[in-house]
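What follows is each chain in one-letter form.
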Amino acid sequence: MAQTRPRPDDVGRRFPLAAWALVLVLAAVIGSAVGVGLARNSPSAAAPADLQAQVTWAPHAKPGPDFAFKDQNGRLVSLRSARGRPVLLTFLDSRCKAQCPIEGKILGKVGHRLGGPFRPVLLVVSIDPWADTAASVRSFMAESGWSGRWHWLFGTKTALAPVWRKYGIGVKPAGGDIGHSTALYLIDGRGDMRAGYLFPFSAATVARDARALAAGT
């Protein structure tokens, strides 16, 4: 579970990192700006036109790297365990006072727009192994208005860091603060990455794309 460390007052802890997210997510996950263009424009790799994210992948083009961590209930959860339903995968800090609460509320709106077979499983990988706890994430969930199936996954920095890197998420603690890039991935029921959204993203767009995948796109 989460480790502990002294933390300063949370006010003013975070700083905007949209540009960092663009570099890390698009460059690290796809490989380069040229890779983005190929993934979008190549006839053999073009993802369906009705997915509206900044980055999209065709079916089977990019399997999501698997991982397994315990969630807020102590249950071992993996990406593979969610097969059969779309997955929304993101990386958050339950004690963040800047971007994370905003993304949390957007994800809450996504859940309210979807229901039944269209509602994806929400997986959140912690980017704060030093202080995320079951209590802090439940408080974050309540404030964000989440519903449906969601799992906040905990681990040590040693265990989490490889997953951050595989998904292009930069995490940099600095004097008690945690700078991190922010991105959301939509993974289909086969475990393939299909869409990547940079913060801030639209709840309507994410819900539309999730509905399309659940319907068999």
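All residue numbers here refer to positions counted from 1 along the written sequence of the relevant chain. Owing to the predicted nature of the model, reporting of local features is limited to residues with pLDDT of at least 70; listing and counting of side-chain atom pairs is limited to 80 or more, with chain, interface and lining totals taken over all residues. Only heavy atoms go into the side-chain values, all of them from the structure, while hydrogens and water stay out.

Break down the nonpolar core for me, citing the residues and quoting the values.
Among buried residues, the Ala, Val, Leu, Ile, Met, Phe, Trp, Tyr and Cys ones that are joined through side-chain atoms within 4.5 Å form a nonpolar core. Note on exposure labels: buried denotes an accessible area under 20% of the residue type's maximum, exposed denotes more than 50%, and partly exposed covers the range between, all computed with a 1.4 Å probe on protein chains only. Judged by nonpolar contacts, the single largest core of 30 residues is most densely connected at L88, W146, W152 and Y197. Only DSSP runs of H or I reaching four residues or more are called helices, and only runs of E reaching two or more are called strands; each is numbered from the N terminus. Elements supplying a minimum of two residues to this core: β4 (87-92), α3 (99-113), β5 (121-126), α4 (134-144), β6 (150-153), β9 (183-187), β10 (193-198) and α6 (203-214). At six residues, the largest contribution of residues to this core is made by α6. By the convention used here, residues are in contact when the closest approach between their heavy atoms is within 4.5 Å. Once you skip the residues sitting within four places of it in the chain, L88 turns out to touch L107, V110, P120, V121, L122, L123, L184, Y185, L186 and V206.

Before we move on, can you summarise empty space enclosed by the protein with the specific residues and values?
Put simply, the grid is 1 Å and covers the protein atoms alone, a cavity is a trapped set of points that fit a 1.4 Å probe, a pocket is an open set with protein on both sides within 12 Å along at least five of seven lines, and lining residues have an atom within 4 Å of a point. Grid points are joined across faces, edges and corners, and a volume is the space filled by probe spheres set on the points. Counted under the stated rule, the structure contains three cavities of 30 Å³ or more. In this structure, the largest cavity encloses a volume near 100 Å³. Along its surface, the largest cavity is lined by L88, L107, G108, V110, G111, R119, P120, L122, W146, S147, R149 and W150. In the lining of the largest cavity, the residues fall into seven nonpolar, three polar and two charged. Looking at the second largest cavity, the residues that line it are R75, L76, V77, S78, S81, A82, V121, L123, R149 and H151. Within the residue set of the lining of the second largest cavity, elements represented by two or more residues are β3 (76-78) and β5. A total of three residues in the lining of the second largest cavity trace back to one element, the largest contributor, which is β3. Of the residues in the lining of the second largest cavity, the class split is five nonpolar, three polar and two charged. Under the convention adopted here, Pro, Cys and the residues Ala, Val, Leu, Ile, Met, Phe, Trp and Tyr are nonpolar, Asp, Glu, Lys and Arg are charged, and Gly plus all remaining residues are polar.

Could you give an account of α6, with specific residues and numbers?
Taking 1.5 Å of rise per residue, twelve residues should cover 16 Å, and α6 covers 16 Å from first to last C-alpha, within 8% of that figure. Those residues of α6 not exposed but buried are A203, V206, A207, D209, A210, A212 and L213. Considering only its buried residues, α6 is in contact with β4, α3, β9 and β10. Phi turns positive one or two residues past the end of α6, at G216, with a value near 105°. How far a helix is expected to stretch is found by multiplying one less than its residue total by 1.5 Å.

Please give an account of the environment of L186 that cites residues and values.
For L186, the position within the fold is in strand β9. With 24 residues separating them along the chain, L186 and A210 place their C-alpha atoms 7.2 Å apart. Those residues in contact with L186 that lie beyond four places of it in its chain are P86, V87, L88, D192, M193, R194, A195, Y197, D209, A210 and L213.

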